[in-house]
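A structural walkthrough
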Amino acid sequence: MAESNEKKRLPRLALPANARLETLAVREGLPASQWGENAEALFLTSSFTHPDAATAAARFAGEEEAFVYSRFTNPTTMMFERRLAALEGTEAAIATSSGMSAILLMIMGLLKSGDHVVCSRSVFGATIILLEREFGKFGVETTFVSQTDIGAWRAAIKPHTKLLFAETPSNPTTEVCDIAQLADIAHGAGALLAVDNCFCTPALQQPVKMGADLIIHSGTKYLDGQGRVVAGAICGSDQLINGTFMPVMRGAGMSLSPFNAWVVLKGLETLSIRMAAQSANAMKLAQWLEQQPAIDRVYYPGLPSHPQHALAMKQQNGSGGAVVTFTVKPVQGADAVDKQQALRMAAFHVIDCTKLCSITANLGDTKTLITHPASTSHGRLSEDQRLAAGITQAMIRVSVGLEHIDDLTADLACGLDSLNI
Ligand SMILES: *Cc1c(COP(=O)(O)O)cnc(C)c1O
């Protein structure tokens, strides 16, 4: 009988067919338990019991979808996965212990020795190390190309290229790459396109709509949004998530803890209003920075002066996002030994004069965070590597939070106005 062979699946919520992102962000998940809780429950349990041995056997054999062990499935974690997949517009998602372990899981699931990856040179530093150094050891070859040079991506394709990997906008220089064009190149080569959507989140950018196959998230950033936990996820088709990545997760165990999943799940409920408010603040800050005499250049996709402004507006729902980067002019002074040092002194001065902003290299918090990329997130690169990536000693990155814009500009004005330029 066909019916009895059908896999028993976990129930789904009955949400309106065309429910919008804001609705899905507060509603998608799993049905409530028999107690009828309104807020999603936190299931802190490592394993799940079964009514009898035969049911346990059916669940272990995969004939019946049920919760077995929290290394691979847990109701709270699944609520987060379903909700994030709904926001990204993918069939499924799999939660991981961090953004980096999402990338690790993706590479382990998709690639084998002899395979080739084309990756933007401007992706998160740890991603470059993971691909180049760690997976280089296992015979996975990566070619790093310019974020915005579409010809370079095309030229880097080899017969055994399996994956294109991009992050847009990039950190900290906010370079934007064309997702639809990269998807065409990937698919023409029989490869997949993965996009790290950390900076925009699905509230501003849905890469699958432009042809991306996989979306990578660090839940640590805007998805949680309040700097509380480390988390990650991959979003994609049911076949890739449950067919390709779930078996790797069962064996390798880079699982997200249910507690952290619950924190990020609740963070998603305010994602769209936070992204809208923080991006509006960032736009005002970027416009104000452009007017300041001590500023050399402002990097913000929402500004018409940004080299990929038009593309960013098209891809990012008309928003520049909430990260603003800028460079200051060098301090004039006898003790400024060389130009790079003078630039660093100026940047440090502006950072040290702030009283509201948190000095930390994280991003995506409701609090405004300020950092000097050249000596923190990109401090392990040589000066030449940094300059090739467009990162100078004069550069300051601000992850704009929810404080009042006038308080933020006053906080930055303190250092900018006292720079001896
Ligand atoms: C932070 C970050 C990561 C890594 O995420 P973790 O949660 O810190 O492991 C990956 N990509 C981008 C763009 C990030 O900002």
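Let us look at the overall build of the protein. Within the protein one finds 16 helices and 12 strands. Computed over the C-alpha atoms, the radius of gyration of the protein is 23 Å, within 12% of the 22 Å expected from 2.2 N^0.38 for a compact globule of 421 residues. Seen through its principal axes, the protein has C-alpha atoms that stretch 85 × 50 × 35 Å. Counting only residues that meet the buried cut, the protein has 53% of its 421 residues in that class. For the protein, the exposed area adds up to about 18000 Å²; of that, 54% sits on carbon and sulfur atoms.

So, on to the sheet that holds strand β8 (residues 295-299). Reading across the sheet, the 5 strands line up as β8-β9-β12-β11-β10 and stay open at both edges, with mixed pairing between neighbours. The two strands at the open ends of the sheet, each matched to only one other strand, are β8 and β10 (358-359). The pairing of β10 with strand β11 (residues 369-371) spans 2 bridges and is parallel. Following the sheet pairing, isoleucine 359 is matched in β11 by isoleucine 370. In this fold helix α14 (residues 339-353) packs onto β9 (323-328), β10, β11 and β12 (395-399), with an angle of close to 130° to the strand it touches most, β9.

Grouped together as the largest cluster of nonpolar side chains are 55 residues, with contacts concentrated most on Phe80, Trp153, Leu164, Leu193 and Leu271. With 6 residues, helix α4 (residues 75-88) is the largest single contributor of residues to this core. Each of two domains, domain 1 (21-268) and domain 2 (272-417), supplies a minimum of three residues to this core. Contacts of leucine 271, omitting those with residues within four sequence positions, involve Leu87, Thr201, Pro202, Ala203, Tyr222 and Leu223. Ile94, Ile107, Ile128 and Leu130 belong to the second largest nonpolar core, which has 32 residues in total.

What counts as what
Residues numbered from 1 in each chain as written. Predicted model: local features only at pLDDT ≥ 70, side-chain atom pairs only at ≥ 80, totals over all residues. Heavy atoms only, no water. Helix = DSSP H or I, 4+ residues; strand = E, 2+ residues; numbered from the N terminus. Rg over C-alpha atoms; globule rule 2.2 N^0.38 Å. Buried < 20%, exposed > 50% of the residue type's maximum accessible area, 1.4 Å probe, protein only. Areas by Shrake-Rupley, 256 points an atom, 1.4 Å probe, with all protein chains shown as cover. Pairing = 2+ DSSP bridges. Contact = heavy atoms within 4.5 Å. Axes fitted to C-alpha atoms, helices over the stretch in contact; angles between N-to-C directions. Core = buried A, V, L, I, M, F, W, Y, C linked by side-chain atoms within 4.5 Å. Domains from an automatic or database assignment.

Remember, this is a structural readout, not a statement about activity or role.
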